[in-house]
Each structure stands twice: as C-alpha cells, then as structure tokens.
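Listed below, chain by chain, are the residues.
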Amino acid sequence: MACAAAISAAAHAQPVNVEVVAPESVAPGTPFEIEVRVELERGWYLYAPTGVNAGQGLVETSVSMRDHEYAQFADARFPEPISFGAYDILTGEVVSLFQPVRFHPRTPSGDMLIRGMVEYQTCDGDTCLPPIEHPIRVLLRVED
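### Considering the overall build of the chain
Of regular secondary structure, the chain possesses zero helices and 13 strands. Going from N to C terminus, the chain has its helices and strands arranged as β-β-β-β-β-β-β-β-β-β-β-β-β. Expected size for 144 residues packed as a compact globule is a radius of gyration near 15 Å; at 16 Å, the chain falls within 12% of this value. Viewed in the frame of its principal axes, the chain has a C-alpha envelope of about 50 × 25 × 20 Å. Here the chain, with 144 residues, has 40% of them falling under the buried criterion. Summed over its atoms, the accessible surface of the chain is roughly 7800 Å², and 49% of this surface lies on carbon and sulfur atoms.

Next comes the structure, spelled out in structure tokens:
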C-alpha cells in the first residue's frame with residue numbers, strides 16, 4: 001500500500017501538479033523508491049537533466065534530498081529525454097521521477113520523516129514560466 005501527498009502548484013498558475021508516492025512502511029536495509037509524479041497539462045514540458053538545457057540558461061529538472069541520520073540516497077532516476085530542437089525535454093501526461101532510498105540496517109523502528117526538493121521549469125514552446133522548487137516530505141514507518 002502506498003501513501004500519496006499532493007503538493008500544490010499555486011505560484012504562477014503552473015500547468016503542473018506534483019504528487020509524491022512512497023510506501024507506508026519499510027524494513028531497515030531494504031531499498032525502496034520515492035516516486036515524484038509530475039502531471040503536465042497538454043503541450044507543457046520540463047527540461048531534462050542532461051546539461052544541454054542548463055548551458056542555455058534554463059533550469060533542468062532535479063531531485064535533491066536533505067541529509068538524514070539513517071537514510072541513504074542514490075541518484076534520482078529520470079525518464080529518457082526527448083530531443084526538442086536545441087533542448088532535451090521530459091513530457092507526457094505524467095513524468096515520473098524516482099528517488100532510490102535505503103535506511104541503514106540498524107535504523108530503529110518508528111516514524112521517519114525524510115525531506116527534499118524537486119526543482120523544475122515548465123514551458124510550452126512559446127512561454128517559459130519561472131522555475132519552481134517544491135518541497136518533498138515523506139513520513140515512513142520503519143519496522144522489522
């Protein structure tokens with residue numbers, strides 16, 4: 001069973017909805033993933049984290065997690081980018097970003113809050129909106 005936490009995209013009337021999906025409970029030492037689901041209105045896209053866009057002054061999509069006493073984070077996984085002229089983009093109704101996580105095998109049982117940030121810039125071919133930083137907050141129960 002997974003829990004979902006909606007993150008509103010109120011600033012600048014973003015054509016985006018961000019939802020974070022994670023397991024309700026995890027076992028110490030067992031890898032799992034947090035999914036950041038970015039729902040886009042038709043015609044809108046995000047800039048892929050390939051370096052191509054950043055070199056042109058655009059904000060590439062990124063996921064960053066805060067240091068945590070017990071959690072270890074690997075690099076986030078992104079879908080394959082699509083070449084769009086001089087840019088690399090992520091597009092579709094839903095763009096899923098995956099953040100791998102593992103709690104140390106000696107993590108005590110109980111509730112653990114992990115935090116991070118997803119940053120992105122949305123465009124539709126004519127208009128680019130200012131970059132947005134959305135906080136990620138996931139409360140998990142660690143149990144043997």
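### Digging into the confidence of the model for the chain
Residues of the chain with pLDDT of at least 70 account for 91%, and the chain-wide mean is 91. Confidence over residues 1-12 falls short of pLDDT 50; this stretch has 31 contacts with residues more than four positions distant or in other chains.

### Topic: the state of the cysteines
All chains considered together, the criterion is met by one disulfide. The residue that forms a disulfide with C123 is C128, at a sulfur-sulfur distance of 2.0 Å. Here the S-S torsion is close to 115°, and the disulfide linking C123 with C128 is therefore right-handed.

### Quick word on the packing of aromatic side chains
Given two aromatic rings, their pairing is described by the distance between the two centres and the angle made by the two planes. Enumeration according to the criterion identifies four aromatic pairs in this entry. Each ring, one from F32 and one from F103, has its centre 5.9 Å from the other, and the planes form 25°; the classification is stacked. Of the two residues, F32 sits in strand β4 (residues 32-40) while F103 sits in strand β10 (residues 94-103), which places them 71 residues apart along the sequence. A residue is classified by how much of its surface remains accessible, and F32, at 11% relative accessible area, is buried.

### Regarding the pattern of salt bridges
Evaluation of the coordinates by the stated rule reveals four salt bridges. Residue R37 pairs with E19 through a salt bridge whose shortest N-O separation is 3.7 Å. With R37 in strand β4 and E19 in strand β2 (residues 16-23), the pair connects residues that are 18 residues apart, well separated along the chain. We note a salt bridge from E35 to R37, for which the minimum N-O separation is 3.8 Å. Using a relative accessible area of 17% as the deciding quantity, one classes E35 as buried. Through salt bridges with shared partners, one network takes in E19, E35 and R37.

### Quick word on the pairing of strand β6 (residues 62-65)
Burial along β6 is one-sided: the face carrying V63 and M65 is buried and the face carrying S62 and S64 is not. As paired strands, β6 and strand β11 (residues 110-120) are joined by four bridges and run antiparallel to one another. Following the sheet pairing, S62 is matched in β11 by E119.

### Considerations on the sheet that holds strand β9 (residues 87-91)
Sheet architecture is open: four strands sit in the order β8-β9-β5-β12, paired in antiparallel fashion. On the outer flanks of this sheet lie β8 (82-84) and β12 (122-123), each paired with one strand and no other. Looking at chain direction, strand β5 (residues 45-47) and β12 are connected through two bridges and run antiparallel. Its bridge partner being in β12, L46 is matched across the sheet by T122.

About the criteria used
- Residues numbered from 1 in each chain as written.
- Predicted model: local features only at pLDDT ≥ 70, side-chain atom pairs only at ≥ 80, totals over all residues.
- Heavy atoms only, no water.
- Helix = DSSP H or I, 4+ residues; strand = E, 2+ residues; numbered from the N terminus.
- Rg over C-alpha atoms; globule rule 2.2 N^0.38 Å.
- Buried < 20%, exposed > 50% of the residue type's maximum accessible area, 1.4 Å probe, protein only.
- Areas by Shrake-Rupley, 256 points an atom, 1.4 Å probe, with all protein chains shown as cover.
- pLDDT = per-residue confidence, 0-100.
- Contact = heavy atoms within 4.5 Å.
- Disulfide = S-S within 2.5 Å.
- Phe/Tyr/Trp six-rings, centres within 6.5 Å; stacked < 30°, edge-to-face > 60°.
- Salt bridge = Lys/Arg side-chain N within 4 Å of Asp/Glu carboxyl O.
- Pairing = 2+ DSSP bridges.

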